Amino acid sequence: MQPLTQSSVEYDIAEAIFAAFPFVTLIAHAPQHSPQVCHLPVHYNRPDNSFDCHVANANPIATLLDDKSAQVQLIFQAEHGYVSPTWSEDIRVPTWDYCAVHVYAKAQVITDSTAKKASMARQVGAFESHWHIDQLNQASQERLFSAITLLKLDICRCEYRYKLSQAKSEKAKAALLEHFNRSDNTALVKRYRQLWQA
């Protein structure tokens, strides 16, 4: 699939997915290292097209990400659902509809203490409205930052991967909307409508 451009409709959808599905699978690889995989929340910084995140120093991926040649891939899994051929005569076989975003990025380990605190404040602020990093005293902050590796992931390429029955007949699409509305998978219904109208 071709990389997305920031002016595309699909990139707008990708940005919405970054906000709605921030818990990602991160795959990292570098020369002389075995690939590593972890699962973590990320915070998207739209102005500079990057993500904030952190990993525990004890996580093997932390050492790999400290390698300046390391490349990372983030996989955002968004809406999905099983599709049955019993729903419409125009649906021939069982399948699974889904949408995801694959992001290829370059990792930078944050070493400056002020930048570390700012990154953590952004990460916490994305999910928490009642607690701030400043509620930890200086000694507690220092213990926290000594135990984790804070990262800035600069986006190099972004691909929107989806199979959303876009080639199916209007009759099949109507059946899909009816079923997923009844099964309360309204998020997938919204994604169908968004892509089919794009």
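Preceding block: the structure.
Conventions we followed
- Residues numbered from 1 in each chain as written.
- Predicted model: local features only at pLDDT ≥ 70, side-chain atom pairs only at ≥ 80, totals over all residues.
- Heavy atoms only, no water.
- Helix = DSSP H or I, 4+ residues; strand = E, 2+ residues; numbered from the N terminus.
- Buried < 20%, exposed > 50% of the residue type's maximum accessible area, 1.4 Å probe, protein only.
- Contact = heavy atoms within 4.5 Å.
- Areas by Shrake-Rupley, 256 points an atom, 1.4 Å probe, with all protein chains shown as cover.
- Lys, Arg positive; Asp, Glu negative; His and termini not counted.
- Charge placed at Lys NZ, Arg CZ, Asp CG, Glu CD.
- Core = buried A, V, L, I, M, F, W, Y, C linked by side-chain atoms within 4.5 Å.
- Phe/Tyr/Trp six-rings, centres within 6.5 Å; stacked < 30°, edge-to-face > 60°.
- Pairing = 2+ DSSP bridges.
- Axes fitted to C-alpha atoms, helices over the stretch in contact; angles between N-to-C directions.
- Parallel < 35°, antiparallel > 145°, perpendicular 65-115°, else oblique.
- Left-handed = near helix turned anticlockwise from the far one by under 90°.
- Nonpolar A, V, L, I, M, F, W, Y, C, P; charged D, E, K, R; others polar.

When you go through the chain residue by residue, the secondary structure sums to six helices and seven strands. Put simply, the chain runs from its N terminus to its C terminus through helices and strands in the order α-β-β-β-β-α-β-β-α-α-β-α-α. For the C-alpha atoms alone, the extent of the chain along its principal axes is close to 65 × 45 × 30 Å. In the chain, which comprises 198 residues, the share counted as buried stands at 42%. Across the chain, the fraction of contacts at a sequence separation of at least 24, relative to all contacts at a separation of at least 6, is 70%. If you sum the accessible surface of the chain, you get close to 10,700 Å²; carbon and sulfur atoms cover 53% of it. Once the 19 positive and 20 negative side-chain charges of the chain are each reduced to a mean point, those two points are 3 Å apart.

On to the nonpolar core. One recurring pattern in soluble globular proteins: nonpolar side chains tend to sit buried together. Of all hydrophobic cores here, the largest spans 46 residues; its most connected members are Phe18, Phe51, Leu74, Phe76 and Leu153. Discounting chain neighbours no more than four positions away, the residues touching Leu74 are Val24, Thr25, Leu26, Val42, Phe51, Val101, His102, Val103, Ala105 and Leu153. Counting residues in each nonpolar core, the second largest holds seven residues, with Ile110, Met120, Phe145 and Ile148 among its members.

In total, this model carries ten aromatic pairs according to the counting rule given. Ring centres 5.3 Å apart and planes at 45 degrees place the aromatic pair Tyr44 and Phe51 in the tilted group. For the pair Tyr44 and Phe51, one class covers both residues: buried. Summarising the aromatic geometry, the rings of Tyr192 and Trp196 are spaced 4.7 Å apart at their centres and angled 20 degrees between planes, so their arrangement reads as stacked. Of this pair, Tyr192 and Trp196 both sit in helix α6 (residues 186–197), four residues apart, which is roughly one turn of that helix. For Tyr192, a relative accessible area of 0% puts it in the buried group.

Once that is clear, we can look at the sheet that holds strand β3 (residues 43–45). Two orientations exist for strands paired in a sheet by backbone hydrogen bonds: parallel and antiparallel. Taken in spatial order, the seven strands of this open sheet run β2-β1-β5-β6-β7-β4-β3, and their pairing is antiparallel. Edge positions in the sheet fall to β2 (36–41) and β3, since each has one partner strand and no second. Geometrically, the sheet is characterised by an average inter-axis angle of 35 degrees between neighbouring strands, direction not taken into account. Strand direction decides the pairing type here: strand β6 (residues 95–109) and strand β7 (residues 148–163), joined by twelve bridges, are antiparallel. When the sheet's bridge partners are listed, Ala105 is paired in β7 with Ile155. Packing of α6 onto the sheet brings it into contact with β5 (71–83), β6 and β7, and relative to β5 it is tilted by some 105 degrees.

As a further point, take the packing of helix α5 (residues 170–182) against α6. Interhelical geometry of α5 versus α6 gives an angle of 155 degrees and a closest axis separation of 8 Å. On the basis of their axis angle, the class for α5 and α6 is roughly antiparallel. Considering only the axes of α5 and α6, their crossing is left-handed. Facing α5, whose interface residues are Lys173, Leu176, Leu177, Phe180 and Asn181, α6 presents Thr186, Leu188, Val189, Tyr192, Arg193 and Trp196. In terms of residue class, the contact of α5 with α6 is built from seven nonpolar, two polar and two charged.

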